[in-house]
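Fold and geometry: a report
Letter by letter, the chains look like this.
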Amino acid sequence: VDSLSFPIPQFIVIGKQSVGKSRLIEALAGETFNFVSGTLGSRRPTVLEFRNVPGLSPSRWSVFDENLKRWSSYPVQEVMQIVGSAHEACGQNVSELPIRVKVEGEDCTDLGLVDLPGFRTYAKDDAMQALAKKIDTLVFKFMNDENNIMLCVEEAGDAANLATLGKAKQVDPTYKRTILVRNKLDKYYNDLTPENVNKWLEGYGDLPQHLARFAVSLPHWTGDAMPKPFGEMRKECSERDIETLASKKASSRYKMTIGFQNFRNFMEIKIQQLFADALAPMLTRLKNMQEEHEKKLQVIRQEMETINEDNILHATRSAGITFAQSFVFLMEGALSSEHNRNTLEEELRAFHKYCAKTESLKEDELMPTSFEDLDSYIAYLRDTVKLPAMDVQLNGGAQFRRLMYEVEVFTRFAGLGKKLEPVDVIQARGSGLRECTWQDVITQLMMQTAPTRMRTKTKYVGERLKFFFAEQKEATVEFMLGLQGSPEEHMYSRRIPKEAQVIERNDTMKRCIFQAFDDACDRHKSRFMQMWCDFMDSMFQSPLMLLKSGSMPSIGDDFDEEKAPTFETTKARIEKERRGRGTLQSALREKVKQIPDDDVKANDSVKMVERIIEQTFAVIRSVVADHMQLYSESFFLLPMLRRLEGVMAQMELQEDDKISYRARKSVLEDERKISQGMLTDLNYCVEAVQRFKVTYGGGQ
């Protein structure tokens, strides 16, 4: 509950000077006192805490020391001097720093209130006017606090003269937290008659019916000495108020609003009701904590059952299978998953840090040769390529799609990296001992460097894919945990969030599942890389046989006006495409035939061979880039999605894992005891708070 703000309700006493605020506070305290505040009156709030202690007489007075942070008891006269000095220290100014006074006695009313400086109706000079404005500002700050209940003290009179009540209405238009106390009722006895007494009690129509109001008389006397004990005089005043107004035919329905004793009873009940109402946020928080610990205890018990010697392997495999299924859901697209979302820039920077740490790729393998650093490459992707979703934070399947765009761009920057020299062509052509065509020479020269350059790019793609999948592990667990209570919960198995809680709590289980995932990722990466190398070797070994040109027709001016194809036009299109797919081969072979065989023209031959190799390599590079997404999905992503459940089902535990599980069981037993004790305490607290609210809060 430490994170919960618990505003304790308090009463603030407001009113003009000389309306009897101090005497009302004395009546609540059960004895007289006089705060000596000088000629300027009070200039700071005085917080009074009244505590009823049966048998304690005389009352015990204490002042809170702000420096020592503790209460110190003093004789009442010394308390008066301390309070007066605190007011005098303000000079012509006011202070929000309160003086805290505690009164404990057998005649005190159990409540806390704040005595605020009185509103000034007259100021003789500019200094006093400035002080009056500061006091108004201070008092209104307390009045605007929704946790403060205003005791608005007015002199008995008709409702039209209730100036302080008008100020209260400004901040509390419905009088929800306003209590009107019309003081000095005995001075108004003679003005009340059987004809007007009920109208006066009603406020002559100016006071709303729901406004809590009281009419009281308080003890007063001439001279310094009280004729009777203060408590006795207070009781007599209360009884006299009731008898007098009853003799003037006051309606019985107003009886409970007349006299101090009725006011005191109301205040005691009101403070209990306010406190009970203020307990609502705490009760809600306690119930939430109760529910949380019930769920936690259930998870602990479930985990304790799963890590029994006979269930450890089965429970780990079961959780791993659920994890694999959730990984598929995440890759298909889960809008509710927020964990580990990254922009492409964040993803690339994290990948470069990963490669620097693991040394999986060298510096020259991480960057295309056309770019100086990562910043320039990112700027190219953003400004020139305008790569989709470049600056959108993504994870799962959407992030994989964006990754495919990036690796395709990266692959297209592959180059031969070496300028062809005449000696290379001569050596490849041979000494004439065997027949060697220019086509064989081109193939031999390409096989010397081209596959290596392309493998570098493919290696980058493989590491990017591996890094991507590794980053989805925690995202998958977070997705599983986030399903409970989400709008998507009904779309998935109920086991997913339950298994996620066990995985999240059990480090050994999580480590085993993640290790199995990483091993599967490594195996698929190796197969993917081997497949790509075989594919590229076949491309470079027979470049003039395997290369096909595209058959997509060019878009003309009348593209939008084309008609739907018929059977005859479809046949014609197929024949045209079949002829067109050999265009690239024919063009390259024609160029090969044009290469001169005469040694005198060796330099021309070298230049022509170099141009053919560059053109062929560019086509192969484009084919590889075009097929990157297809092969990545077919030979990396889909096998991961389809076989991961099988991998998890075949998971085996090492002896170290079994030892960790045994240690975990001991930890769980301690957690269970702590959680069970906490739940017992919470059950008691909830029951106690509910009982208090029902008893003192009107059953609400």
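Cut-offs and rules
- Residues numbered from 1 in each chain as written.
- Predicted model: local features only at pLDDT ≥ 70, side-chain atom pairs only at ≥ 80, totals over all residues.
- Heavy atoms only, no water.
- Helix = DSSP H or I, 4+ residues; strand = E, 2+ residues; numbered from the N terminus.
- Buried < 20%, exposed > 50% of the residue type's maximum accessible area, 1.4 Å probe, protein only.
- Contact = heavy atoms within 4.5 Å.
- Areas by Shrake-Rupley, 256 points an atom, 1.4 Å probe, with all protein chains shown as cover.
- Patch = residues over 30% accessible without salt bridge, like charges linked within 9 Å, V, L, I, M, F, W, Y side chains within 5 Å.
- Salt bridge = Lys/Arg side-chain N within 4 Å of Asp/Glu carboxyl O.
- Lys, Arg positive; Asp, Glu negative; His and termini not counted.
- Charge placed at Lys NZ, Arg CZ, Asp CG, Glu CD.
- Axes fitted to C-alpha atoms, helices over the stretch in contact; angles between N-to-C directions.
- Parallel < 35°, antiparallel > 145°, perpendicular 65-115°, else oblique.
- Left-handed = near helix turned anticlockwise from the far one by under 90°.
- Nonpolar A, V, L, I, M, F, W, Y, C, P; charged D, E, K, R; others polar.
- Pairing = 2+ DSSP bridges.
- Core = buried A, V, L, I, M, F, W, Y, C linked by side-chain atoms within 4.5 Å.
- Phe/Tyr/Trp six-rings, centres within 6.5 Å; stacked < 30°, edge-to-face > 60°.
- pLDDT = per-residue confidence, 0-100.

**Side note on the overall build of the protein**
A count of helical and extended segments in the protein gives 21 helices and 9 strands. Every one of the 700 residues in the protein was classed for burial, and the buried ones make up 45%. Within the protein, residue pairs in contact and separated by at least 24 positions form 81% of the contacts whose partners lie at least 6 positions apart. When the accessible surface of the protein is summed, it comes to about 37000 Å², and 50% of that surface belongs to carbon and sulfur atoms.

**Observations concerning a positive patch on the surface**
On the surface, Arg523, Arg527, Arg642 and Arg643 cluster together into a patch of positive charge. Counting only elements with at least two residues in the positive patch, the list comes to helix H16 (507–541) and helix H20 (602–649). Structurally, Arg523 can be placed in helix H16. In this structure Arg523 comes out as partly exposed when scored by relative accessible area, which is 37%.

**Regarding the packing of helix H8 (residues 312–333) against helix H15 (residues 495–505)**
Their axes nearest at 10 Å, the elements H8 and H15 cross at an angle of 120°. One element, H8, and the other, H15, form an angle in the oblique class. Crossing angle aside, the handedness with which H8 passes H15 is left-handed. Residue-level contacts link Ser318, Ala319, Thr322, Phe323, Ser326 and Phe329 of H8 to Arg495, Ile496, Glu499 and Ile503 of H15. Of the residues contributing to the contact of H8 with H15, the split by class is 5 nonpolar, 3 polar and 2 charged.

**Section: the pairing of strand E6 (residues 111–115)**
With 4 of 5 residues buried, E6 is to be regarded as a mostly interior element. Judged from the 3 bridges that link them, strand E1 (residues 10–14) and E6 form a sheet pairing that is parallel. Paired with Phe11 across the bridge in E6 is Leu113. Inspection of the sheet shows strand E2 (residues 46–52) paired to E6 by 5 bridges, in the antiparallel sense. Note on E6: the bridge partner recorded for Val47 is Val114.

**Looking at the side chain of Ser632**
Along the chain, Ser632 falls in helix H20. We classify Ser632 as buried; its relative accessible area is 0%. Apart from residues no more than four positions distant in its own chain, Ser632 is found in contact with Met404, Val461, Leu465, Phe528 and Leu637.

**Here's the deal with the nonpolar core**
In this structure, Phe323, Phe400, Leu465, Phe469, Ile513, Trp532 and Met648 are the most contacted members of the largest nonpolar core, which totals 80 residues. With 16 residues, the single largest contributor to this core is H16. Setting aside residues up to four positions removed in sequence, Phe323 forms contacts with Lys473, Thr476, Val477, Met480, Ile503, Ile513, Phe514, Phe517 and Met648. Phe11, Leu24, Leu48 and Ala86 belong to the second-largest nonpolar core, a separate cluster that totals 36 residues.

**Thoughts on the packing of aromatic side chains**
Under the criterion given, the structure shown has 28 aromatic pairs. Between Phe327 and Phe517, the ring centres sit 5.2 Å apart and the planes meet at 80°, which makes this aromatic pair edge-to-face. Here Phe327 is found in helix H8, whereas its partner Phe517 is found in helix H16, with 190 residues between them in sequence. Each member of the pair, Phe327 as well as Phe517, is classed as buried. Aromatic side chains Phe468 and Phe469 sit 5.2 Å apart centroid to centroid with 65° between the ring planes, which places their arrangement in the edge-to-face category. For the pair Phe468 and Phe469, one class covers both residues: buried.

**A closer look at the environment of Met143**
Mapping Met143 onto the fold places it in helix H3 (residues 126–143). According to the relative accessible area criterion, Met143 is buried, its value standing at 0%. Note: C-alpha distance between Met143 and Val13 (130 residues apart in sequence) is 9.7 Å.

**Considerations on the sheet that holds strand E3 (residues 60–65)**
Spatial ordering of the open sheet is given by E4-E3-E5-E2-E6-E1-E7-E8-E9, a layout of 9 strands whose pairing is mixed. The two strands at the open ends of the sheet, each matched to only one other strand, are strand E4 (70–74) and strand E9 (212–215). Between one strand axis and the next, the sheet turns through 25° on average, direction left out of account. As judged from the 7 bridges shared by E2 and strand E5 (residues 99–105), these two strands associate in the parallel manner. Counted as the bridge partner of Val47 is Arg100 from E5.

**Focus on the pattern of salt bridges**
Here the structure, examined in full by the defined rule, presents 37 salt bridges. Here Asp375 makes a salt bridge to Arg349, at a shortest N to O gap of 2.5 Å. Placement of Asp375 in helix H11 (residues 374–385) and of Arg349 in helix H9 (residues 344–358) is noted, with a sequence separation of 26 residues between them. The class of Asp375 is partly exposed, set by a relative accessible area of 43%. Note on Arg349: relative accessible area 31%, which makes it partly exposed. Salt bridges sharing common partners tie together Glu345, Arg349, Asp375, Arg382 and Asp391.

**Here we look at unusual backbone geometry**
Look at the link from Ser57 to Pro58: it is a cis peptide, with omega at -5°. Positive phi outside glycine occurs at Ser18, with the angle close to 70°.

**Description of the side chain of Ser486**
Here Ser486 is to be found in the loop between helix H14 (438–482) and H15. Residue Ser486 is classed as buried on the basis of its relative accessible area of 14%.

**Some thoughts on the environment of Ala470**
As for its placement among the helices and strands, Ala470 is situated in helix H14. Through-space distance from the C-alpha of Ala470 to that of Phe514 is 8.7 Å; in sequence the pair is 44 residues apart.

**As for the confidence of the model for the protein**
Across the protein, the average pLDDT comes to 82, with 85% of residues at or above 70. Between the elements of the protein, mean pLDDT differs from a low of 59, seen in helix H17 (residues 543–546), to a high of 93, seen in strand E8 (residues 178–183). Under a pLDDT of 50 for its full length, residues 555–561 has, in the predicted model, 0 contacts with residues more than four places off or in other chains.

**Details of the pairing of E4**
Where E3 lies against E4, 5 bridges are found, and the strand directions are antiparallel. Within E4, the residue paired with Ser62 across the bridge is Ser73. Between E3 and E4, which pair antiparallel one after the other, the connecting turn spans 4 residues, and Lys69 there sits at a positive phi close to 55°.

**Concerning the packing of H15 against H16**
In the contact formed by H15 and H16, the axes pass within 5 Å of each other and the chain directions differ by 100°. Judged by the inter-axis angle, H15 sits roughly perpendicular to H16. Facing Val502, Ile503, Glu504 and Arg505 of H15, the residues of H16 in contact are Asp507, Met509, Lys510 and Ile513. Looking at the contact of H15 with H16 residue by residue, the classes come out as 4 nonpolar, no polar and 4 charged.

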